[in-house]
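Listed below, chain by chain, are the residues.
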Amino acid sequence: MQFRLEKRREPSKLMSYATPVAAVLLTMVLGAVIFSVIGYDGIGAVREIFLTPLTNSYKWQDLGVKAAPLIIIGVGLSIAYRANVWNIGAEGQYIVGGLAGTGIALLTWGMTGWWILPLMVLAGMLGGMAYASIPALLKTRLNVNEILTSLMLTYASVQLIYYLIRAPWKDPMGMGFPQTRLFSEAARLPTIIPGTIVHLGVPIAVLVGLVAWFIMSKSVFGYRMRVVGAAPHAARYGGFSENRTIWLAMLVSGGLAGLAGVLEVAGPFQRMVPGFPTNYGFTAIIVAFLGRLNPLGVIVAGVVLAITFVGGEVAQTTIGLPNAATGIFQAMMLFFLLAGDILIKYRLRRVMPQATAGTA
Amino acid sequence: MPHRLELTGITKAFPGVLANDNVSFSVRPGEIHALLGENGAGKSTLVKMIYGIMQPDAGEIRWDGAPVVVANPKAARKLGIGMVFQHFSLFEALTVLENIALGMDAKIPSRELEARIREVMTKYGLLLDPHRTVATLSVGERQRIEIVRALLLDPKLLIMDEPTSVLTPQEVAQLFEVLRKLAAQGCSILYISHKLHEIKALCDTATILRGGKLVDTCDPTQETSRSMAEKMIGAGLKDIVRAEGRSMGLPKLVVSRLSTKKTGHFEVPVDSISFTVRAGEIFGIAGVAGNGQNALLDALSGEILGDDKDAITIDGYGIGLLDTTGRRKRGLCAVPEERNGHAAVGDFSLSDNSILTARDRLGMVMMGLINSGAARTYTGKVIADFAVKALGPSSMAGSLSGGNLQKYIMGREILQKPSVLVVSQPTWGVDAGAAAAIHQALVDLAAAGSAIVVISQDLDELRALCDTLAVVNMGQLSPARPVAEVSIEEIGLLMGGVHGATEASHAIPA
């Protein structure tokens, strides 16, 4: 008995919802097998990583705080990827956004006023946009591949942090630690549920997802992104210039990554530290794909990935799993998802063995 | 003597459609047998099963009297079945010889292969220099490569899929010579076409399919083109109805010295083209594929922008610097040749495809938001008015057959009532019934005062449809002439243009 892939007449809607779920389930199964084989409690590892963060209500606030930046960046990336603009450097735009917010916080240090936080948010988004406009410029003017430029700029941005917190922005009272001083009260993101760490960024993330969903499905902007990604030639015929689309995609994804950066630095960190880059920008790529490049799906996917982060930390303490385990689970998820996507356009068909050729 | 090929009760089902329903016919040795039918009638499916690309669900294929299972094209070639596809699979940067060598199942030393190629060419009068690069060849010459490739295997049955759609009248005549010679030597030919006068001129027998079923097997010389067309579409054929005493209005679209830059390696740019189309006039542009038609359409639609505002004017207003959206707002709509991926997005619903070109002219956008209800209503109207076979506005464009998608695209533009419509190959690969409907819609649009430009390789279409005709060759346009005053030979010579001359100098002696 053999199986054959056969093209479907129309892409399967069912499969486009089923493959992300299947990817998560397969990740759990294979993860359990792998960690059992290398000598850990595999089933326990899967339970701690995927279930404990959900069953233990004390962990819910961690989920929200981890999911917020993943969702905000993931939404931006999902918009860019729809238009086939491959911004891989969200991590760099996140960092520059965080630095721009930090700059405002340090300039206004010691001051009070309601305008400081909005100004920081604005600066963060502009910072992310500015950093994303470098690959956009190179792509539209010189046709340089944006995957390479945006990725490489990420490493440059990390060095920028190190420079700034070691020299001009170094905390004068920090006893030589490479970090900025703690932001003053007016530059810190307020928590919205007293007694928890859930800050204003969490509802903002959900709002960003909802607004983006509305824009992508109802507006000409969203239509432009979808048509450029699906058929660039038809987009040109329909009056959507390719260069303008690249700019829009880069600015939106860069701006949202910058927003996530400034919310992180003003929320959980409250100062710029060397440990600020936490790979949210890279993980958000998985979030965007797991969420089917649909902003509503990205909200769900952001929570799923946040579960693996929080669960990974739990598993480190409870069953001594290495920190890299989280990364392995996340990578498996993306792998199974991309592999499973073939079932959206194709179906598996059983074929009976047949005589090869000739007369019977 | 047994039949060369005999099909009995061939049935093939796809999800949702019965592509072939109990089809039986047979082909004698040396017979030229036409396979006739509308788009979606099941011709391609049937041929694919004969050539081993697909397997029938039921029924029997007999070859020289013995039942066979054709598992794949290689097995088909082994039996002696050759096929020339509508779309060529050639590498433009390689020579004729290299292209043929790449397509052979068996490895043959290049010198021996060249000798065999020359032998086949001489035998059938196929003039071609094996050492020329494919990019420098006309479409007719490229087709000869494919024919030579098939003939090298000494086929006993040659399948030709719509072979004349890209040829000049002279090239068609040459092709028919070759096919008649082949038939005289005992090779059967299965000839797929929808050009009825060709079938009458060439074929001994015609099998007509409709909706997957066999309608009739007849002798085309005993039938009229009209009677065959009516069997094919299963209804009476409508003639193009023109309003009596029609007169042209003022010049509407004026193109003066329009040029484009050379973009791709093998793309032919537009070279200082000028012409005028009056209100109510249908202006035809004939020409062999690849002579700058694509660049001309893109330059007119606004996909390629020039630097002269007045190179294109509508009612005296220069639109040369406007993009496609700007030109549409000014009343110029266009339909490019390539349906899937250019005129329409296959992965989008028909409703979303309507937004692509109709959003501004029909008010489907308010403050940056799309009114999807308006798009759905308009798409429903296009589907109804142009008899598009689709489940509804939410059907994926890619799930429609080529002819139905073309009807939708033409309908989408025509119902916007543009004051200038530029179309390329409006009925390419579209069946007779649908083509007649599209032609009638174009004539009606012109009668309502629009200026229409039709770029096509189908001379019959241009002569039936247009008031004025010009020929494009190597990016240049011949002077325009009223269609009644030009003979088909004259057009053919203009179409041949430079190609004809180079061909003669490169040809090998027969």
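Residues numbered from 1 in each chain as written. Chains lettered and ligands numbered in written order. Predicted model: local features only at pLDDT ≥ 70, side-chain atom pairs only at ≥ 80, totals over all residues. Heavy atoms only, no water.

Going by an unreviewed UniProt entry, chain B carries the name ABC transporter and comes from Devosia psychrophila.

If you check an unreviewed UniProt entry, chain A appears there as Nucleoside ABC transporter membrane protein from Devosia psychrophila. For the record of chain A, the UniProt heading Subcellular location (unreviewed entry) holds the text "Cell membrane". (UniProt positions renumbered as here; feature names shortened; annotations may be inferred.)

Student: Quick rundown of the sheet that holds strand S3 (residues 32-37) of chain B? Include the residues and the values.
Tutor: Hydrogen bonds along the backbone pair up the strands of a sheet, which may run parallel or antiparallel. All names here are of chain B. Here we have six strands laid out as an open sheet, ordered S6-S7-S8-S3-S9-S10, and mixed in their pairing. Strands with a single pairing partner mark the edges of an open sheet, and in this sheet they are strand S6 (81-84) and strand S10 (213-218). Strand-to-strand twist in this sheet, taken as the mean axis angle between neighbours without regard to direction, amounts to 20°. Sheet analysis places S3 next to strand S8 (residues 188-192), joined by four bridges and oriented parallel. Each bridged residue has a counterpart across the sheet, and for Ile32 the counterpart in S8 is Ile189. Against the sheet, helix H5 (residues 139-151) touches S6 and strand S7 (157-161), its axis set at about 175° to S6. (Pairing = 2+ DSSP bridges. Helix = DSSP H or I, 4+ residues; strand = E, 2+ residues; numbered from the N terminus. Axes fitted to C-alpha atoms, helices over the stretch in contact; angles between N-to-C directions. Contact = heavy atoms within 4.5 Å.)

Student: Can you explain the interface of chain B and chain A? Please cite residues and give values.
Tutor: Between chain B and chain A, the residue contacts involve 39 residues of the former and 27 residues of the latter. Between chain B and chain A the total buried area reaches about 2700 Å² when both faces are included, carbon and sulfur atoms providing 58% of it. For the pair chain B and chain A, the interface holds three salt bridges. Of the charged contacts in the structure, one is a salt bridge between Arg226(A) and Asp352(B), with a shortest N-O distance of 3.5 Å. Counting residues per element, the ones that place at least two in the side of chain B that touches chain A are strand S5 (66-68), helix H10 (324-329), strand S16 (332-335), helix H11 (350-358), strand S18 (369-370) and helix H13 (402-414) of chain B. Here the side of chain B that touches chain A gets five residues from one element, more than from any other, and that element is H11(B). Classifying every residue of the side of chain B that touches chain A gives 20 nonpolar, ten polar and nine charged. (Buried area = accessible area lost by both parts, 1.4 Å probe. Salt bridge = Lys/Arg side-chain N within 4 Å of Asp/Glu carboxyl O. Nonpolar A, V, L, I, M, F, W, Y, C, P; charged D, E, K, R; others polar.)

Student: Just give me the short version of the sheet that holds strand S11 (residues 251-258) of chain B, but keep the residues and values in it.
Tutor: Residues and elements named next belong to chain B. Taken in spatial order, the four strands of this open sheet run S12-S11-S14-S15, and their pairing is antiparallel. Each edge of the open sheet carries a strand with a single partner, namely strand S12 (273-278) and strand S15 (317-318). The pairing of S11 with S12 spans five bridges and is classified as antiparallel. Its bridge partner being in S12, Pro251 is matched across the sheet by Arg278. In the packing of helix H9 (residues 293-301) onto the sheet, the strands contacted are S11, S12 and strand S14 (312-314), and the crossing angle to S11 comes to about 120°.

Student: Hey, could you go over unusual backbone geometry for me, with residue numbers and the actual values?
Tutor: All names here are of chain B. Of note in the backbone geometry, Asp64 takes a positive phi value of approximately 50° without being a glycine. Note on placement: Asp64 falls in the loop between strand S4 (58-63) and S5. Positive phi is not limited to glycine here, since Asp315 has a value of about 50°.

Student: Hey, could you go over the pattern of salt bridges for me, with residue numbers and the actual values?
Tutor: Counted according to the given criterion, the structure contains 27 salt bridges over all chains. Across the pair Arg292(A) and Asp341(A) runs a salt bridge, and its minimum N-O distance is 2.5 Å. With Arg292(A) in the loop between helix H11 (280-290) and helix H12 (295-319) and Asp341(A) in the loop between helix H13 (324-340) and helix H14 (342-345), the pair connects residues that are 49 residues apart, well separated along the chain. Relative accessible area serves as the criterion here: at 23%, Asp341(A) is assigned to the partly exposed category. What emerges from the salt-bridge pattern is a single network uniting Arg236(A), Asp298(B) and Glu303(B). (Buried < 20%, exposed > 50% of the residue type's maximum accessible area, 1.4 Å probe, protein only.)

Student: So what's going on with a nonpolar patch on the surface? Which residues, and what values?
Tutor: Where nonpolar side chains cluster on the molecular surface, the patch consists of Val206(A), Leu207(A), Leu210(A), Val211(A), Trp213(A), Phe214(A), Ile215(A), Leu296(A) and Leu369(B) and spans about 710 Å² of accessible area. Of all the elements, helix H7 (residues 201-218) of chain A adds the most residues to the nonpolar patch, at seven residues. Secondary-structure assignment places Leu207(A) in helix H7. (Patch = residues over 30% accessible without salt bridge, like charges linked within 9 Å, V, L, I, M, F, W, Y side chains within 5 Å. Areas by Shrake-Rupley, 256 points an atom, 1.4 Å probe, with all protein chains shown as cover.)

Student: Tell me what's going on with the nonpolar core, and back it up with residues and numbers.
Tutor: If you look at the biggest cluster of nonpolar residues, it comprises 150 residues, and the most contacted ones within it are Ile73(A), Met120(A), Val227(A) and Leu442(B). The element best represented in this core is helix H3 (residues 60-82) of chain A, accounting for twelve residues. In contact with Leu442(B), not counting residues within four places along its chain, are Ile282(B), Met410(B), Ile414(B), Leu421(B), Pro426(B), Ile452(B), Val454(B) and Leu465(B). Counting residues in each nonpolar core, the second largest holds 48 residues, with Leu151(B), Leu182(B), Ile199(B) and Ala432(B) among its members. (Core = buried A, V, L, I, M, F, W, Y, C linked by side-chain atoms within 4.5 Å.)

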